[in-house]
Amino acid sequence: MSDVDAEFARLWKVNRTIHELVKDRGFLVSDEEINLDLTNFKVACGDGAGGPDRNRLNFFTHSRVNPSDQIFVFFSEEKSVGVKTMRKLLGILEEKSIQRGIIVFPGNMTPSARKVIVAMAAQYRLEEFSEADLLVNIVHHTLVPRHDVLTPEEKKILLEKYRLKETQLPRIQLADPVARYYGLRRGQVVKITRPSETSGRYASYRICF
């Protein structure tokens, strides 16, 4: 396999995982986009000179429940993402009037670029994933149980039912790979369903902190 073919295969896996991630968060994504085969992927994202064009992987979609809740996924061509790339992403979000964005990059992100995410948190909800993070969909792994993010109302019912305070729930860290996959925010509760030899399956709950 040539280096170009290897890069296409890598991006194909990354593109599939990011579409699955967005869909699992409740956004509108078609099965055709997720199940795109490698041959058609090469045609769709080719740069015309035989290599991949990451700009052609960018996409935006909206929530299945609330069409005004939109998200934009931006693939960076810059291996080490800096402030310049972050400004480009913010410009696109501003132009499209979208408040949520995910940046996917080939290498790493500079500390200055991460400071932009923090500085703009009041106006934009920005997330970042390296391509290496997305080569495999972690929630499809056999050792990762099913996770369901509770709505605020479901969280309220849970706490009232068991007469619990938020501080009494077990925790899941904001930086946990599964928490990042679902885009959990502090205070959100996730239901984790595991198989059980005695009862078939059992559920536990964790709060993101």
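- With an unreviewed UniProt entry as reference, the protein chain is termed DNA-directed RNA polymerases I, II, and III subunit RPABC1, source organism Collybia nuda.
- Note on the protein chain: under the UniProt heading Sequence similarities (unreviewed entry), the record states "Belongs to the archaeal Rpo5/eukaryotic RPB5 RNA polymerase subunit family."

**Brief notes about the overall build of the protein chain**
- Assigned secondary structure in the protein chain consists of seven helices and ten strands.
- Overall size of the protein chain, expressed as C-alpha extent along the three principal axes, is 60 × 40 × 30 Å.
- Within the protein chain, the proportion of its 209 residues that are buried is 40%.
- Restricting to contacts in the protein chain with at least 6 residues of sequence separation, those with at least 24 account for 67%.
- Looking at the protein chain as shown, the accessible area adds up to about 12,300 Å², and 51% of this sits on carbon and sulfur atoms.
- A distance of 7 Å separates the average location of the 32 positive side-chain charges in the protein chain from that of its 27 negative side-chain charges.

**So, the side chain of Thr17**
- As for its placement among the helices and strands, Thr17 is situated in helix H1 (residues 3-24).
- Setting aside its immediate chain neighbours within four residues, Thr17 contacts Leu134, Leu135, Val136 and Asn137.

**Points about the packing of helix H4 (residues 83-96) against helix H5 (residues 111-119)**
- In contact at an axis separation of 8 Å, H4 and H5 are set at 30° when each is read in the N-to-C sense. Here H4 lies roughly parallel to H5, going by the angle between them. Between H4 and H5, the residues in contact are Val83, Met86 and Leu90 and Ser112, Ala113, Val116 and Ile117, respectively.
- The residue makeup of the contact of H4 with H5, split by class, is six nonpolar, one polar and no charged.

**Overview of the nonpolar core**
- Core analysis: the largest hydrophobic core is formed by 30 residues, its most contacted members being Ile18, Leu21, Val22, Val73, Ile102 and Val104.
- Contributing elements (two or more residues each) for this core: H1, helix H3 (38-45), strand E2 (70-75), strand E4 (100-105), helix H7 (177-182) and strand E9 (189-196).
- Examining the composition of this core, we find that six residues originate from one element, H1, more than from any other.
- Aside from chain neighbours lying at most four places away, what touches Ile102 is Ile18, Leu21, Arg25, Ile71, Phe72, Val73, Phe74, Glu127 and Phe129.
- By size, the runner-up hydrophobic cluster in this structure holds 17 residues, among which are Leu89, Leu90, Ile103 and Leu126.

**Some remarks on the UniProt feature "domain: RNA polymerase subunit H/Rpb5 C-terminal" (unreviewed entry) in the protein chain**
- The UniProt feature table records "domain: RNA polymerase subunit H/Rpb5 C-terminal" (unreviewed entry) at residues 136-208.
- Helix makes up 22% of residues 136-208 and strand 32%. Its end C-alpha atoms lie 23 Å apart.

**Brief notes about the sheet that holds strand E7 (residues 146-149)**
- Taken in spatial order, the four strands make up an open sheet running E7-E9-E10-E8, and their pairing is mixed. Edge positions in the sheet fall to E7 and strand E8 (171-172), since each has one partner strand and no second.
- Where E7 lies against E9, four bridges are found, and the strand directions are antiparallel. What sits directly across from Asp148, in E9, is Lys191.

Rules behind the numbers
- Residues numbered from 1 in each chain as written.
- Predicted model: local features only at pLDDT ≥ 70, side-chain atom pairs only at ≥ 80, totals over all residues.
- Heavy atoms only, no water.
- UniProt positions renumbered as here; feature names shortened; annotations may be inferred.
- Helix = DSSP H or I, 4+ residues; strand = E, 2+ residues; numbered from the N terminus.
- Buried < 20%, exposed > 50% of the residue type's maximum accessible area, 1.4 Å probe, protein only.
- Contact = heavy atoms within 4.5 Å.
- Areas by Shrake-Rupley, 256 points an atom, 1.4 Å probe, with all protein chains shown as cover.
- Lys, Arg positive; Asp, Glu negative; His and termini not counted.
- Charge placed at Lys NZ, Arg CZ, Asp CG, Glu CD.
- Axes fitted to C-alpha atoms, helices over the stretch in contact; angles between N-to-C directions.
- Parallel < 35°, antiparallel > 145°, perpendicular 65-115°, else oblique.
- Nonpolar A, V, L, I, M, F, W, Y, C, P; charged D, E, K, R; others polar.
- Core = buried A, V, L, I, M, F, W, Y, C linked by side-chain atoms within 4.5 Å.
- Pairing = 2+ DSSP bridges.

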